[in-house]
2 protein chains.
Amino acid sequence: MRATVIHGERDVRLEEVPDPVLQHPGDAVVRVVAACVCGSDLWKYRGVQPVHEPVRIGHEFVGIVEQVGDDVRSVAVGDFVVAPFYVCDNTCVNCRNGVSTSCLHGGWWGSEDGTGSSADGGQGERLRVPLADGTLVVVPGGLPSDDLVPDLLTLSDVMCTGHHAAVSGGVTTGSTVAVVGDGAVGLCAVLASVRLGASRVVAMSRHEARQALARSFGATDVVAERGDEGVARLKELFDGIGPDVVLECVGTKESMDQALRSARPGGQVGFVGVPAGGPELPVGRMFSTNVGVRGGVAPVRNYLEELLPEVLDGRLRPGAVFDLELPLAEVAEAYAAMDERRATKVLLRP
Amino acid sequence: MRATVIHGERDVRLEEVPDPVLQHPGDAVVRVVAACVCGSDLWKYRGVQPVHEPVRIGHEFVGIVEQVGDDVRSVAVGDFVVAPFYVCDNTCVNCRNGVSTSCLHGGWWGSEDGTGSSADGGQGERLRVPLADGTLVVVPGGLPSDDLVPDLLTLSDVMCTGHHAAVSGGVTTGSTVAVVGDGAVGLCAVLASVRLGASRVVAMSRHEARQALARSFGATDVVAERGDEGVARLKELFDGIGPDVVLECVGTKESMDQALRSARPGGQVGFVGVPAGGPELPVGRMFSTNVGVRGGVAPVRNYLEELLPEVLDGRLRPGAVFDLELPLAEVAEAYAAMDERRATKVLLRP
């Protein structure tokens, strides 16, 4: 079968690899129906996170279960499943606390799988899923209609990650919110904030198509300014002090600085941007303003059961973040399109 | 009249200064009944925050109103009042949001008062109180019994600051909590956590008298270990992962590091230690563990109305943090005793 392997900076290839096989009694094998490229994959693609040897890549996928190990109970051959962007048992104390990304037995796609074996990447035709009972969520009703697939695929990462930003920021009924970052996660954070009852949501974006998508997701305002001007504009919009909550969905020093300086005194920054080499947070500023910071790697698995029904009944349509669809064979072009910001998010079909 | 002036490192003097007079129609003049020395005063005393010219010092006091300006409505001559450790109008948008330490018109004792005038310090016989209607809280019933004065005085800072640590850490019914710092604020954070319903509260202390006081405030456990050993001990006590909440009540790089590494994945650090030259927070660790950080300079004024009735009816007795009482004339000895950790907190009577 074929799967995506990253060899180094700007060198992504679809290659022939061995078919996956069950290695542990809790494993399943899933045939991928759709996968996609994540903004965080670009850190490797751009050389920000060096790649020392060729590795499998991709961590978002939906698919059909083809085999299950002897211990697998909640997933059966033929089920259509959504996988979170990591492996977890969904039973340990951290999973029960709602932090399945800190699962005591978990692992990561394209990396160590938590059992000492190497996990496959999601951008391939098939993969072995460790801890299948914990990791996979079955979509009731079997194979969904084709137009639902992009919506379901966002539950693998970006929609749940945007939701995590909003939850970490404490968004609730009546909150005023600004979102830093107009990538797929930032756009999903807009949608999640609206869903949680925010009274006003500002998308910070200077990209026309993304501004439009943010508005279609419920953003009430768009601010194109950044830095000091962005801070000033947000103060102007919110009582001279700024919004209650700012969602940081990029991961750079500049975006975190923007977020911390934009929230009102006593406000909160919810952050989900994978920190790319820092930044360290200025505790003196946080102390004097009482702006809290909370977030991190999103416990997607813990949110899936809450969000899945709303996707299935059409209330939640985050799939609109995909603005390009390519066959898996063109995975290199998918990375290039996202790297060059020609596409917000690319869906791949094997 | 006499008031305390700090001249430089380890140089605190009680000096003759001009009597305070009403400068603005919103001012009051208060005769101090009791004041005290704060752990944060020690940053100046120790030269960590350099003192460039002699300045009035002290920001915690209770007293009796002696004069009020023409615009003062909620405070009358003869009232016994508690002042927060800062000046605020209690009406601006930040005050209404619960963050009166970010009052748009506020100021600081011994510093700029928010109107461009210089504010008196609290360690003196009398002081001018700007924005008296906003700043001062009247204790119903007039002059309290002498043994209530220490309890009331803690509402000026340490009890409300400990409460702010617990609120910022999200302590609620059933929370497991560890408190880093066994000063008066840390001890009050123990008391506040118990009051908010924590099921288990660990005081981190290696000081016998403070351990005993922490237990009398409701601490269920004491951990004397620090650093890696402290982290390991807390993991051991709480499911191998650590407590839900850690309250940072010191303000050093070491104490914040202790707090961040001790909280369980998805936990929260509530911090109120005045950051002494940093530290910057490691965003990568916060991201991977989903441990949030929230806190800062405590909005005491916003908590006073909630806590005052419990002090008055004896349910809340935080005054036990005072383990030394001296006449104001011995203010230099009060600083020395706290600096040398011979006293946890010193009460001064003019």
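Residues numbered from 1 in each chain as written. Chains lettered and ligands numbered in written order. Predicted model: local features only at pLDDT ≥ 70, side-chain atom pairs only at ≥ 80, totals over all residues.

Asker: I'd like to hear about the overall build of chain A, residue by residue, with values.
Answerer: Secondary structure assignment for chain A yields twelve helices and 19 strands. Relative to its length of 350 residues, chain A is compact, with a C-alpha radius of gyration of 20 Å against a globular reference of 20 Å. Dimensions of chain A along its principal axes, counting C-alpha atoms only, are 60 × 40 × 40 Å. For chain A, with 350 residues in total, the buried portion stands at 58%. If you take every contact in chain A between residues at least 6 apart in sequence, the share linking residues at least 24 apart comes to 67%. (Helix = DSSP H or I, 4+ residues; strand = E, 2+ residues; numbered from the N terminus. Rg over C-alpha atoms; globule rule 2.2 N^0.38 Å. Buried ≥ 20, exposed ≤ 12 C-beta atoms within 10 Å, placed from the backbone. Contact = placed C-beta atoms within 7 Å.)

Asker: Lay out the domain arrangement of chain A in plain terms, naming residues and giving numbers.
Answerer: Residues and elements named next belong to chain A. Taken domain by domain, chain A consists of domain 1 (2-157 + 299-349) and domain 2 (159-295). Across the contact, 18 residues belong to domain 1 and 17 residues belong to domain 2. By residue number, the principal contributor to the side of domain 1 that touches domain 2 is helix 11 (residues 300-312), which donates four residues. A breakdown of the residues in the side of domain 1 that touches domain 2 according to their chemical character gives twelve nonpolar, four polar and two charged. (Domains from an automatic or database assignment. Nonpolar A, V, L, I, M, F, W, Y, C, P; charged D, E, K, R; others polar.)

Asker: Just give me the short version of the environment of P18(B), but keep the residues and values in it.
Answerer: Its place among the elements puts P18(B) in the loop between strand 2 (11-16) and strand 3 (28-36). Along the sequence, P18(B) and S262(B) sit 244 residues apart, while their C-alpha atoms lie 50 Å from each other.

Asker: How would you summarise the interface of chain A and chain B if you had to cite specific residues and measurements?
Answerer: Counting residues at the interface gives 32 residues for chain A and 33 residues for chain B. Elements with a contribution of two residues or more to the side of chain A that touches chain B: helix 2 (93-96), strand 16 (280-282), helix 10 (283-289) and strand 17 (292-295) of chain A. The element best represented in the side of chain A that touches chain B is helix 10 of chain A, accounting for six residues. Tallied by class, the residues present in the side of chain A that touches chain B amount to 14 nonpolar, 14 polar and four charged.

Asker: For unusual backbone geometry, give the residues involved together with the corresponding values.
Answerer: Residue R10(A) is not a glycine yet carries a positive backbone phi of 55 degrees. The residue R10(A) is located in the loop between strand 1 (2-8) and strand 2 (11-16) in this model. Despite not being glycine, N90(B) shows a phi value in the positive range, around 60 degrees. Secondary-structure assignment places N90(B) in the loop between strand 7 (86-87) and helix 2 (93-96). Since 21 C-beta atoms lie within 10 Å of it, N90(B) is described here as buried.

Asker: Please set out the relation of the copies chain A and chain B residue by residue, giving values where relevant.
Answerer: Superposition record for chain A on chain B: RMSD 0.0 Å, screw rotation 180 degrees, translation along axis 0.0 Å. Between the two chains, the operation in question is that of a two-fold axis. If distances are taken from each C-alpha of chain A to the rotation axis, the shortest is found for L281(A), at 2.4 Å. A high fraction, 100%, of the interface residues of chain A reappear at the interface in chain B, so the copies pair face to face through one surface. (Least-squares fit on C-alpha atoms with pLDDT ≥ 70 in both.)

Asker: So what's going on with the packing of helix 5 (residues 158-168) of chain B against helix 11 (residues 300-312) of chain B? Which residues, and what values?
Answerer: All names here are of chain B. The N-to-C vectors of helix 5 and helix 11 enclose an angle of 100 degrees; their axes lie 10 Å apart at closest approach. Between helix 5 and helix 11, the angle falls in the class roughly perpendicular. Residues M159, C160, T161, H163 and H164 of helix 5 form the contact with helix 11, whose own contacting residues are V300, Y303, L304 and L307. Here the residues of the contact of helix 5 with helix 11 sort into six nonpolar, three polar and no charged. (Axes fitted to C-alpha atoms, helices over the stretch in contact; angles between N-to-C directions. Parallel < 35°, antiparallel > 145°, perpendicular 65-115°, else oblique.)

Asker: Explain the sheet that holds strand 1 of chain A to me, and be specific about the residues and the numbers.
Answerer: All names here are of chain A. Read across the open sheet, the three strands follow the order 2-1-4; overall the sheet is antiparallel. Looking at the sheet topology across the chains shown, the edges are occupied by strand 2 and strand 4 (55-56). Lying over the sheet, helix 12 (residues 331-339) contacts strand 1 and strand 2, oriented at roughly 160 degrees with respect to strand 2. (Pairing = 2+ DSSP bridges.)

Asker: Residues and numbers for helix 5 of chain B, please.
Answerer: Residue and element names in this part refer to chain B. For helix 5, a buried count of eleven out of eleven residues is recorded, marking the element as mostly surrounded by other parts of the structure. Among the residues making up helix 5, those that are buried are V158, M159, C160, T161, G162, H163, H164, A165, A166, V167 and S168. Phi for G170, located one or two positions after helix 5, is positive at around 75 degrees.

Asker: Could you give me a rundown of the nonpolar core, with the residues and numbers involved?
Answerer: Core analysis: the largest hydrophobic core is formed by 227 residues, its most contacted members being V81(A), V179(A) and V179(B). Apart from the residues lying within four places of it in its own chain, the contact partners of V81(A) are V30(A), V62(A), G63(A), V65(A), V75(A), L136(A), V137(A), V138(A) and V139(A). (Core = buried A, V, L, I, M, F, W, Y, C linked by C-beta atoms within 7 Å.)

Asker: How would you summarise helix 6 (residues 184-195) of chain A if you had to cite specific residues and measurements?
Answerer: Residue and element names in this part refer to chain A. With twelve residues, helix 6 ought to run about 16 Å at 1.5 Å a step, and its terminal C-alpha atoms sit 16 Å apart, in line with that. Of all the twelve residues making up helix 6, eleven are buried; the element is thus mostly covered by neighbouring parts of the structure. Listed as buried for helix 6 are A184, V185, G186, L187, C188, A189, V190, L191, A192, S193 and R195. Where helix 6 is buried, its residues meet helix 4 (149-154), helix 5 (158-168), strand 11 (176-180), strand 12 (200-204), helix 7 (208-216) and strand 14 (245-248). Looking one or two residues beyond helix 6, the residue adopting positive phi is G197, at roughly 105 degrees. (Expected span 1.5 Å × (residues − 1).)

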